Amino acid sequence: MNIVLGVGGGIAAYKSALLLRLFTEAGHQVTVIPTEASVKFVGVATWEALSGRPATNSVFDAVESVNHVRIGHEADLIVVAPATADVLAKAAAGLANDLLTTTLLMARGPVLFAPAMHTEMWRHAATAANVATLRSRGVHVLEPATGRLTGPDSGPGRLPEPAEIFAAAMALVEGGRPSAADDAGSPAPVPSPGTDRSAGTAPSHAAAGAPAAGAAPADGSSRLLAGKRVVITAGGTREPLDPVRFLGNKSSGKQGVALAESALAAGAEVMLIHGHMDVAPPPDAKLHSVDTALELRAATLSAAAGADVVIMAAAVADFRPATISAGKIKKRDDVADPVIKLVRNPDILAEVVAHRAAQNLSQLIVGFAAETGDEEHDARSYAEAKLARKGCDLLVVNEVGPGETGQERVFGRDGNQVEILARDGAGPVQAAGSKRQVADAVVRVIAERLGTT
Ligand code: C5P
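Residues numbered from 1 in each chain as written. Predicted model: local features only at pLDDT ≥ 70, side-chain atom pairs only at ≥ 80, totals over all residues. Heavy atoms only, no water.

1. Topic: the overall build of the protein
The cut-off we apply is this: In DSSP terms, a helix is any run of H or I states spanning at least four residues, a strand is any run of E spanning at least two, and both are numbered starting from the N terminus. Here the term buried applies to any residue with accessible area under 20% of the maximum for its type, exposed to any over 50%, and partly exposed to those in between, with areas from a 1.4 Å probe on protein chains only. Contacts were defined at the residue level, with two residues in contact if any of their heavy atoms lie within 4.5 Å. Values of accessible area rely on a 1.4 Å probe in the Shrake-Rupley scheme; residue burial ignores everything except the protein chains shown.
Counting secondary structure elements, the protein contains 14 helices and 20 strands. Sorting the 453 residues of the protein into buried and exposed places 50% on the buried side. Across the protein, every contact between residues at least 6 apart in sequence was considered, and the portion connecting residues at least 24 apart equals 71%. For the protein, the computed accessible surface area is about 20,500 Å², with 53% contributed by carbon and sulfur atoms.

Structure (structure tokens):
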């Protein structure tokens, strides 16, 4: 694969030398484009020696090969690390006054920015608007890591570790590849890993405090998922409209956090990728916080590559605003009220399923579905159709909306009532009680599938 590695002018540029090594050792050809400021931190000789190629940011070097057009066209992937506030601003504005910016404008493949800067610069409204603009164009911008910065201060703004950038970059290329789902409208059938449950249609019950017969409780002593790597998405995404407004949803993150707690108690190593939540994440989980569906997608595809189990409990926005206003949308009497155009977000769950098939991974994938019934079909029929469409192994279904008392049944509440449907027709398993009890029931079904009970 041809990769372009843009290097911005920050102290973290030295970490990009390690990133470059990861790319070349994985067999990729890398063209490094260091900005003028960056070579004050790491010299051209380092980039040329490590990549085995010329490294320049000038459009006037090797003019005969029309580098400012060719490099971007030939790139399968462009990664900018560290992406400084300056590089992000130039890319957002579409400037084209050096080789890196022209290459970014010529890009045909995915583009990934790994920001690094001081917290104040990262949080500045100008940078936030630039990042939002880039994301609205489908460019991937990682969240910076939180920790020690150049000076004695610390906060969000550290360059993510080279291995994390590498994984996100690889996931982007794999995730961006047309999948069976894109070609045929439905995901390719994938054999379910783990042991088969006997196919039966009678529901089994795992109601709160009363585990299904033969199932061990998912408490610390049972260690049902000992040594398993479990990725869980939780909370709601927020899709920005302008620097102060977003389209969000009612997800509290409670069910996802309960799943993380239950999986941790069962001995799993848990990565919790979460959007907005009303509750605190468990301290023992590895955390990755995101805002938008596109960020959730990059983080999930990257983490899923090494996971035994992926549980998608996040409420992902199906649509995002087609454009993000750089300034606050103003209410004006002399102009018509704004109309918000939406574009579709990728279906991350279907992409994780396609990624598993493409990589031939042995992985259990669990989706969640909040369903409502209508005059034509009940919530269960809609859920069964969804399970077939998405291609995951298990679908945890709850009926949302007002219950008999007229109150919302699921969102933001402490209890839940679900049916766990299996793609191979086993079950379904029913579970009810607190969100933690429901999570324990889900963990038990997962453990049965993995053959670890
Ligand atoms: O299609 P629907 O939103 O009902 O599907 C719900 C399931 O799909 C959940 O597991 C959710 O996390 C996942 N999802 C997704 N990407 C989307 C929308 C939903 O992964 N764009």
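2. Description of the environment of Asn-2
This is how it is decided: By the criterion applied in these results, polar contacts are pairs of N or O atoms within 3.5 Å in which, for protein atoms, one can donate a hydrogen and the other can accept it, and in which residues neighboring in sequence qualify only through two side-chain atoms.
By the secondary structure assignment, Asn-2 is in strand β1 (residues 2-7). Separated by 26 residues in sequence, Asn-2 and His-28 place their C-alpha atoms 6.2 Å apart. Filtering out sequence-adjacent residues up to four positions away, Asn-2 remains in contact with Gln-29, Arg-53, Glu-74, Ala-75, Asp-76 and Leu-77. Engagement of the side chain of Asn-2 in a polar contact is seen with the backbone oxygen of Glu-74, the distance being 3.5 Å.

3. Here we look at the site of the ligand
Applicable threshold: Any residue with a non-hydrogen atom lying within 4 Å of a molecule or strand is treated as near it. Lining residues are those with an atom within 4 Å of a point, where the points come from a 1 Å grid over the protein atoms alone and group into cavities, where a 1.4 Å probe fits but cannot get out, or pockets, open sets with protein on both sides within 12 Å along at least five of seven lines. The rule for placing a molecule in a cavity or pocket is simple: more than half of its atoms must lie within 2 Å of the grid points. Only Asp, Glu, Lys and Arg are considered charged in this grouping, and only Ala, Val, Leu, Ile, Met, Phe, Trp, Tyr, Cys and Pro are considered nonpolar; every other residue, Gly among them, is considered polar.
What surrounds the ligand is the set Met-312, Ala-314, Val-316, Asp-318, Pro-346, Asp-347, Ile-348, Leu-349, Gly-367, Phe-368, Lys-386 and Lys-390. Between an oxygen atom of the ligand and a main-chain N or O atom of Met-312, the distance comes to 2.6 Å. In isolation the ligand exposes 450 Å². Once the protein is present, 88% of that is buried. Taken atom by atom, the bulk of the ligand overlaps the second largest pocket. Going through the elements one at a time, α12 (348-359), β17 (364-371) and α13 (379-390) are the ones with two or more residues in the shell around the ligand. For the shell around the ligand, the per-class residue count stands at 7 nonpolar, 1 polar and 4 charged.

4. Overview of the sheet that holds strand β2 (residues 29-34)
Rule in force here: Strand pairing is defined by DSSP finding a minimum of two bridges between the two strands.
Spatially, the 5 strands line up as an open sheet ordered β2-β1-β3-β4-β5, and their pairing is parallel. The two strands at the open ends of the sheet, each matched to only one other strand, are β2 and β5 (140-141). Pairing of strand β3 (residues 77-83) with strand β4 (residues 111-115), which is carried by 4 bridges, proceeds in the parallel orientation. The residue of β4 that forms the bridge with Ala-83 is Pro-115.

5. Description of the confidence of the model for the protein
Low pLDDT marks regions whose predicted coordinates should not be analysed in detail. Heads up, the rule is: pLDDT is a per-residue confidence score from the predictor, ranging from 0 to 100.
Per-residue pLDDT for the protein averages 84, and the proportion of residues at 70 or more is 86%. Throughout residues 176-221 the model reports pLDDT below 50, and contacts reaching past four residues in sequence, or to other chains, amount to 95 contacts.

6. Description of the packing of helix α10 (residues 254-265) against helix α14 (residues 435-450)
The condition that has to hold: Axes, fitted as lines to C-alpha atoms, cover a helix only where it is in contact. Angles between the N-to-C directions of the axes lie from 0 to 180 degrees. Here the angle decides the label: under 35 degrees means roughly parallel, over 145 means roughly antiparallel, 65 to 115 means roughly perpendicular, and every other value means oblique. Handedness of each helix crossing follows the sense of rotation of the near helix against the far helix: counterclockwise by less than a right angle gives left-handed, clockwise gives right-handed.
Remark: α10 packs on α14, axes separated minimally by 8 Å, with the N-to-C direction vectors making an angle of 55 degrees. Compared by their axis directions, α10 and α14 come out oblique. Here α10 runs over α14; the crossing is right-handed. Along the contact surface, α10 presents Lys-254, Gln-255, Ala-258, Leu-259, Glu-261, Ser-262, Ala-263 and Ala-265, while α14 presents Lys-435, Arg-436, Val-438, Ala-439, Asp-440, Val-442 and Val-443. Residue classes in the contact of α10 with α14 are distributed as 8 nonpolar, 2 polar and 5 charged.

7. Side note on the nonpolar core
As a reminder, the rule being used: For this analysis, a nonpolar core means a set of buried residues of the types Ala, Val, Leu, Ile, Met, Phe, Trp, Tyr and Cys, connected via side-chain atoms within 4.5 Å.
Within the largest apolar cluster, 39 residues are counted, with the highest numbers of intra-cluster contacts made by Leu-225, Ile-232, Ile-311 and Ile-446. The element best represented in this core is α14, accounting for 8 residues. When near neighbours in sequence (up to four residues on either side) are disregarded, Ile-446 contacts Leu-225, Val-309, Ile-311, Leu-364, Val-366 and Leu-394. In terms of nonpolar packing, the next biggest core, distinct from the first, is built from 29 residues, Val-7, Ala-13, Val-32 and Ala-116 among them.

8. Re the packing of aromatic side chains
Defined as follows: Stacked, tilted and edge-to-face are the three classes assigned to paired rings of Phe, Tyr and Trp, where Trp is represented by its six-membered ring and a pair needs centres within 6.5 Å; plane angles under 30 degrees give stacked, over 60 edge-to-face, the rest tilted.
Taken as a whole, this structure holds 1 aromatic pair when the rule is applied. Ring centres of Phe-23 and Phe-166 lie 5.6 Å apart, and the angle between their planes is 45 degrees; on these two criteria the pair is classed as tilted. Of this pair, Phe-23 sits in helix α1 (residues 13-25) while Phe-166 is found in helix α8 (residues 162-176), placing the two residues 143 residues apart along the sequence. Relative accessible area serves as the criterion here: at 0%, Phe-23 is assigned to the buried category.

9. Let's talk about the layout of surface pockets
Defined as follows: Grid points are joined across faces, edges and corners, and a volume is the space filled by probe spheres set on the points.
Counted as a void, the second largest pocket has a volume near 990 Å³. Every residue lining the second largest pocket is counted, 41 residues in all, and those nearest its centre are Ala-314, Ala-315, Val-316, Phe-368 and Ala-370. Looking at the lining of the second largest pocket, the elements with two or more residues in it are α10, α12, β17 and α13. Here the element with the most residues in the lining of the second largest pocket is β17; it accounts for 4 residues. A per-class count over the lining of the second largest pocket returns 18 nonpolar, 14 polar and 9 charged.

10. Details of α13
Under the convention used in this document: Each helix should span, by expectation, one fewer than its residue count multiplied by 1.5 Å. By construction, the arc corresponds to the directions joining the helix axis to the C-beta atoms.
Taking 1.5 Å per residue as the helical rise, α13 with its 12 residues ought to reach 16 Å, and the 16 Å between its terminal C-alpha atoms agrees with that figure. Where α13 is concerned, the buried positions are Ala-379, Ala-383, Lys-386, Leu-387 and Lys-390. The buried residues of α13 occupy one face: seen down the axis, they fall within an arc of 100 degrees. Count one or two residues on from α13 and you reach Gly-391, which has phi positive near 80 degrees.

11. So, the packing of helix α11 (residues 293-304) against α12
In contact at an axis separation of 10 Å, α11 and α12 are set at 25 degrees when each is read in the N-to-C sense. As the angle between them shows, α11 and α12 are arranged roughly parallel. Of the two elements, α11 crosses α12, and the hand of that crossing is right-handed. Contacts from Ala-293, Leu-296, Arg-297, Thr-300, Leu-301 and Ala-304 of α11 reach α12 at Ile-348, Glu-351, Val-352 and His-355. Among the residues forming the contact of α11 with α12, the class breakdown is 6 nonpolar, 2 polar and 2 charged.

12. Quick look at a nonpolar patch on the surface
Stated precisely, the cut-off is as follows: A patch is a set of surface residues, each over 30% in relative accessible area and not in a salt bridge, joined within 9 Å for like charges and within 5 Å for the nonpolar side chains Val, Leu, Ile, Met, Phe, Trp and Tyr. A pairing counts as a salt bridge when a side-chain nitrogen of Lys or Arg comes within 4 Å of a carboxyl oxygen of Asp or Glu.
On the surface, a cluster of nonpolar side chains totalling about 330 Å² of accessible area is made up of Leu-247, Phe-319, Ile-340 and Leu-342. As for its placement among the helices and strands, Ile-340 is situated in the loop between β15 (319-321) and β16 (342-344). Relative accessible area serves as the criterion here: at 46%, Ile-340 is assigned to the partly exposed category.

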